[in-house]
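Here is what each chain is made of, one letter per residue.
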Amino acid sequence: MKLYCLSGHPTLPCNVLKFKSTTIMLDCGLDMNSTLNFLPLPLVQSPRLSNLPGWSLKDGNAFLDKELKECSGHVFVDSVPEFCLPETELIDLSTVDVILISNYHCMMALPYITEHTGFTGTVYATEPSVQIGRLLMEELVNFIERVPKAQSASLWKNKDIQRLLPSPLKDAVEVSTWRRCYTMQEVNSALSKIQLVGYSQKIELFGAVQVTPLSSGYALGSSNWIIQSHYEKVSYVSGSSLLTTHPQPMDQASLKNSDVLILTGLTQIPTANPDSMVGEFCSNLALTVRNGGNVLVPCYPSGVIYDLLECLYQYIDSAGLSSIPFYFISPVANSSLEFSQIFAEWLCHNKQTKVYLPEPPFPHAELIQTNKLKHYPSIHGDFSNDFRQPCVVFTGHPSLRFGDVVHFMELWGKSSLNTVIFTEPDFSYLEALAPYQPLAMKCIYCPIDTRLNFIQVSKLLKEVQPLHVVCPEQYTQPPPAQSHRIDLMIDCQPPAMSYRRAEVLALPFKRRYEKIEIMPELADSLVPMEIKPGVSLATVSAVLHTKDNKHILQPPPRPAQPTGGKKRKRASDDIPDCKVLKPLLSGSIPVEQFVQTLEKHGFSDIKVEDTAKGHIVLLQEAETLIQIEEDSTHIICDNDEMLRVRLRDLVLKFLQKF
Amino acid sequence: MDPECSRLLPALCAVLADPRQPVADDTCLEKLLDWFTAVTEAGSSLLLLQENPCLVELLFHVLKSQDLSSRILSFSLRLAGIFAAQEDCFQYLQQGELLPMLFGEVGPLGGAAWTAPAVRSGWIQGLRTLAQHPSALHFLAACGAVDTIFSLQGDPSLFVASAAGQLLVHILDLVMRGPAEGRRSPQACDWPACAQKIVGHIEDSLCSTDIPQVTQALSVLTTAFGHCHGLWTQGLWVRLSPLVARLLEKDPVPASHSLVDLLLSVARSAPSSDRDLWETLAQTLSHLSPTQAGPLALGILKLQDCPQVLRTQAFGILLQPLACVLEAAAQAPGPPGLLEGAAADSMMVDTLLSSKSACVGLLCCALAHLGLLQPLPQRPSPWPQAPLLGAAVTILRLCSGSAAPTSDVGGRLCAILVGCGRVQRAALDFLGALSQGTGPQELVTQVFSVLLEYLVSPESSSMVLKKAFQATLRWLLSSPKTPGCCDLDPHTQLFLRELLPVLQKRLCSPCWEVRDSVLEFLTQMTRHCGGQAGFRQALLASEVPELTKQLLRDPESYVRASAVTATGQLSSWGLCATPAIPECPGAQQESLLVELLHILSTDSEGFPRRAVMQVFTEWLRDGHADVAEDAERFVAGVLQAASRDLDWEVRAQGLELALVFLEQLLGQRGSHCPYAVALPETAPPGVLDQALQVLCRVQLFEFAFRALFDCDRPVAQKSCDLLLFLRAKAAPCGSSQEAGDSPNVASVEATLQRWQAGEQGQPLGYLEPGAVVALLRSIDLEGLRDTLAESSDHVEKSPQSLLQDMLAAVGVLGENEADCY
């Protein structure tokens, strides 16, 4: 059993598991941190961004000044943003049989895999994952395509040139594999390969293994996966949460008794408690708005935003913010808000019960109804007519490199009355802000990551007791910035195996059993014999038939009547030799009684030696040695076959035959 | 006993003896026992029994009856104990063989009733009350009660077990305190047989391998040394201390908690010259585990006379956990830590790192113990203020994750403590306590910086934040003033500048507890520093006053109440939100007054309205500018709103405000001392007339008279006091003599009578000053005051009422029974 690790990002995993005869890809996350090296794509012409000076080498050489621009001491690539793909060379991706998706954030690289690697398999995901994943992809494509950029920079990627660049460009990894965003057509084609699954549904893969999605409690439709054969069980835990937010709670019990547990997608901010962060978010929002400032919340169009809107729904009246407009701007805002209300079966119990009242499960419906929350596909069109300040704007993309958020950063960045509040944990907020410097607006970092923290992981592992844990290397040591925090790492016994990008792990686990079915007529012919109370044995002679990873014992064909013909038999018609088998033996030899028997039969001068594994009976006179061990008995004598047979028969007297 | 009770008693005894009559409840029986105790303390029990033969009959009946409830049986045992406490009555009961039947082996002791804990408890309490005289001792010996008490020490009911232990001590004390006490040698060999038996039992228990038995013996001894002060206790200690010392040789020390209690109890009662005792204490300190030794160390340090060596050792025990933390977190070997010369004990380190609960428990105890010691006069000297401050700061940093210890132990401590709210709260409390002392400036800076870190951190829970605010307040108030200047010192000033943005953010917290804590902090800060320029400047430059004002409309009533108090305080110091219109500075203030009045008359919750009344009273007392402008109108408005309030505390506070107003008009109230010789000073007639006119205009009398008949006693009492004060001031005013007969007064009196009867709908109408004075004279205010002074249940509390109630309860049940047939 092997694990091919194609992504080094612990929360955007992409691993391939070879288990029995199947090749299973676990998630295909897309690392978008690469976009932070690019200049933002402004929706409205920005003189500031277009007038940034080109970057030149220390010696004044300015051959890169078209590709690289400088802003407040940082250098950015002036080109269409590119993404860092999972490793494609480590394993032939066309051999992947299935892809299992655990949540909508972990499927963003899907079009790259399904459309460009010769992949012919099936993708399994839950319906909300697919629908919201589609929205995220659609938004991404829309953000990038609606600001066409003629220029595509590639010179800087040359290894010799990259060495000369300042950090972080100099240290960017795998730049040659960075790709531009996919198209909507590719998205549609990729999504058409998905087969929808429900929680606890058992899916047979070629008869070899069974895969089952389980609720992971992190997002709408998010799943962990169980991959099991009859005697082995691998659990794949990715992006799970034990907090009471909107999704169905995590199913922990089904993860018990795993041989291997692959653990990814833990919280990216283990030191920030989501509840405290929500409090911080509300306080800062209220403080800004009360002072007449605007609040900008860069966010994804689905996920935490639902919880934030719910908190605000409860908070705004008490904080006297009822008259403040909330705007949600995204090409998929409308669909996202509506989808959330129809996936009742995937929601937590409280929200599910609301549906039967009937009431919308999320209170943002009421916010929309009362005009407190308004949503728009973009800043163009209706929004510009309704726009009223001070206000709160939720919009993407959290990287601040594309999407409507770029416009608001340019618009509000100059005033210290305004605040940008970062709630998505995927990007470093300081790096995200770098191309907007100098910035007067206040910046607040309240990352809300509801995924498991290390305390919860430790409890989970104690509860489910896997034999082995496999996780990204980042989880096996404290964060580099807080090296003394040994509480911020996985602590389990035996220690977790770690992996990094482009590594192949041989999982420490050997398959020992396989299930074989026995045909009824063959079973009928068996005559079991009880060799000790409760244990019966029978010998069986049969043909092992193996097809589609299923093994069946069938009755042996009757020996063919000798035809006497001279036809040459084809090899495939060979009938297995059914020799008459010697009886099988069981039991153990009591040494003392054995020696007495030997003496009775005329052997004298017998000496018994104890060995580590059993006994040696020495017949000194006959120069013979009988080695008795737990599972074997050897008679060693010099070419005296008569003696050997005599002794053998004496040994056999003590054993049962069947 | 009064005749009426004597008359009711036979019926009651019949009810009690009748198993078919369920007695009301245990409380009634307890009250009955209290009453009998009072009666027997006041007079002869023998006489009581002779005059009321039904009581003895009851006791006999109880013995015969098979199906009586365990409550009644327990009651009877205790009742018999009360009667037999007097020796003559004891003899009287003995003649009838009643006592052996109740307390001996033939009584409930051997029967099925004994399974009820109430009966066993009643048996013990009965004996406890009975054992007051030598005859009782003979009786106890004769009926073998002591052996039963021994066995009851291990009773499954904790109440019974504990009472059994106490009874043993009582008997021991009674035996030893006899007339021969002075002659008795402290050596225990010639003690009476009963004492020998008890002490022998204790000795056996101390040597037992059964830990509960050791615990029982230790707690009996603890009680003995805590409550008995005879010379014999010294002899007892001499005899038993070797056995106690032997317990220390065991590992682990058995029943360590009880052992600590015993040693402290002995130490408190022993003479300070007892070197053996101090030796045992020192030995115990070194034998017990760090967690067990903490309470003993604290107890030793609280002792008045105790050798310095032992105090040093005990203090070392308390300091050890903190010393370990300091050492583990130290970046480099620094100046001598808490325990000079001694490195952190490895056993302590092991305990700290053994588990999270052990670490948290030990640190919390150490911090709490040191916090308790800090203000005591007998605290160890020199008090290591600086290292303790350092330790508190370090613990807080470890808990927040901001400390970056380099050592292995430090790293593991950090992993255990990070985010631990219990330790955070304990450390913040301790840090607050340390504000009473001084420290090097560098450390004080660190204190403020760690406090700020906690106040800023979103991870601080609301309780931790509250403690952080409390500690901050204590440190701010104790920070040294710049010599020759009443303003804050520059460090505090700097801290305040950083603190105010935090307050701003916290005032917007979605968690109401947080908003409330900030408002309380702000109120206290303003109360103490409202006059200091630095504070005023920083506050006015922030948005805190404006945000505070906005919280007057908070959805949470506690927050509204705190916001009312805070804005009231801010306004008193002229620190309320800056006027919106610069030309008319009063506009904003006036609007605050209007807003508070609005809260008073419309808020649905009591807390904000009470807070408004307190603010208004304070404003009136302090002569707040906007109130002083037109105090009459202000008082009239407030009283009108308060009189309609459903909350009695608001009405009572209204009377407080009225009193302040009265004092301002008529002069201070006289001394509150009831023994003061001077009569209240009367006001000059001119002033009085004028004042009465004003009081009539603000309708203070209508408010006060209405309050006089208020259904809530404290309001009526307060009103009565106020009117008495007013009458005293107005006493010599002759002009009102004639007004007493005017029709106006008569109709008012009639209205008041109706009010008193509960019909308060009718208004009083406008009152003339003359009529008021006449009314004040005509109403029997003193009589009213005396009636009000009696507790509301004074009638119901009488024994007669108790007996009647008990009978009535059964009587009613009887009627129901009849109905059923």
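This is a predicted model, so every value here is computed, not measured.

Parameters and conventions
Residues numbered from 1 in each chain as written. Chains lettered and ligands numbered in written order. Predicted model: local features only at pLDDT ≥ 70, side-chain atom pairs only at ≥ 80, totals over all residues. Heavy atoms only, no water. Pairing = 2+ DSSP bridges. Helix = DSSP H or I, 4+ residues; strand = E, 2+ residues; numbered from the N terminus. Axes fitted to C-alpha atoms, helices over the stretch in contact; angles between N-to-C directions. Buried < 20%, exposed > 50% of the residue type's maximum accessible area, 1.4 Å probe, protein only. Contact = heavy atoms within 4.5 Å. UniProt positions renumbered as here; feature names shortened; annotations may be inferred. Buried area = accessible area lost by both parts, 1.4 Å probe. Salt bridge = Lys/Arg side-chain N within 4 Å of Asp/Glu carboxyl O. Polar contact = N/O pair within 3.5 Å; in protein donor to acceptor, adjacent residues only side chain to side chain. Domains from an automatic or database assignment. pLDDT = per-residue confidence, 0-100.

A few points about the sheet that holds strand β16 (residues 295-298) of chain A
All names here are of chain A. Taken in spatial order, the 6 strands make up an open sheet running β18-β17-β19-β16-β20-β21, and their pairing is parallel. On the outer flanks of this sheet lie β18 (373-376) and β21 (442-445), each paired with one strand and no other. For this sheet, the mean inter-axis angle between neighbouring strands, taken without regard to orientation, is 20 degrees. Across 2 bridges, the pairing between β16 and strand β20 (residues 419-422) is parallel. Residue pairing for β20: Leu296 is matched across the bridge by Val420.

A closer look at the side chain of Asn294 of chain A
All names here are of chain A. Along the polypeptide, Asn294 turns up in the loop between α6 (274-290) and β16. Judged by relative accessible area, Asn294 falls into the buried class, the value being 4%. Dropping the residues within four chain positions of it, Asn294 is found in contact with Thr288, Gln389, Pro390, Cys391, Trp412, Leu417, Asn418 and Thr419.

Details of the UniProt feature "domain: Beta-Casp" (unreviewed entry) in chain A
Using the residue numbers shown here, the UniProt feature "domain: Beta-Casp" (unreviewed entry) corresponds to residues 305-433 of chain A. In the segment residues 305-433 of chain A, helix accounts for 40% and strand for 12%; the C-alpha atoms at its two ends are 21 Å apart.

Some words on the interface of chain A and chain B
Each partner contributes residues to the interface: chain A has 20 residues there, and chain B has 20 residues. Between chain A and chain B, a total of about 1700 Å² is buried, with carbon and sulfur atoms accounting for 58% of that surface. Viewed at the interface, chain B and chain A are joined by 1 salt bridge. One salt bridge in this structure joins Lys505 of chain B and Glu280 of chain A, with 2.5 Å as the shortest N-O distance. At the boundary of chain A and chain B, one finds 8 residue pairs in polar contact (both at pLDDT 80 or more). Among the elements that take part in the side of chain A that touches chain B, α6 of chain A stands out by supplying 10 residues, more than any other.

Brief notes about the domain arrangement of chain B
For chain B, the domain assignment lists domain 1 (1-143) and domain 2 (685-730 + 745-799). Computed from C-alpha coordinates alone, the two centres of domain 1 of chain B and domain 2 of chain B are separated by 51 Å.

Examining the confidence of the model for chain B
Detailed reading of the predicted model is not advised wherever pLDDT is low. Residues and elements named next belong to chain B. Residues at a pLDDT of 70 or more form 88% of chain B, whose mean pLDDT is 85. When the criterion is pLDDT under 50, residues 671-678 qualifies, and its contacts beyond four places in sequence or with other chains add up to 1 contact. Here residues 734-740 scores under 50 on pLDDT; set against residues more than four positions off or in separate chains, the count is 11 contacts.

Structural notes on the pattern of salt bridges
Counted by the stated rule, this structure contains 46 salt bridges over all chains. Note that Glu87 of chain A is salt-bridged to Arg501 of chain A, the shortest N-O span being 2.9 Å. Of this pair, Glu87 of chain A sits in the loop between β6 (82-83) and β7 (98-100) while Arg501 of chain A sits in the loop between β23 (497-499) and β24 (503-506), placing them 414 residues apart in sequence. A salt bridge links Arg412 of chain B to Asp408 of chain B; its shortest N-O distance comes to 3.6 Å. Of the two residues, Arg412 of chain B and Asp408 of chain B are both situated in helix α22 (residues 408-417); the distance of 4 residues between them amounts to about one turn of the helix.

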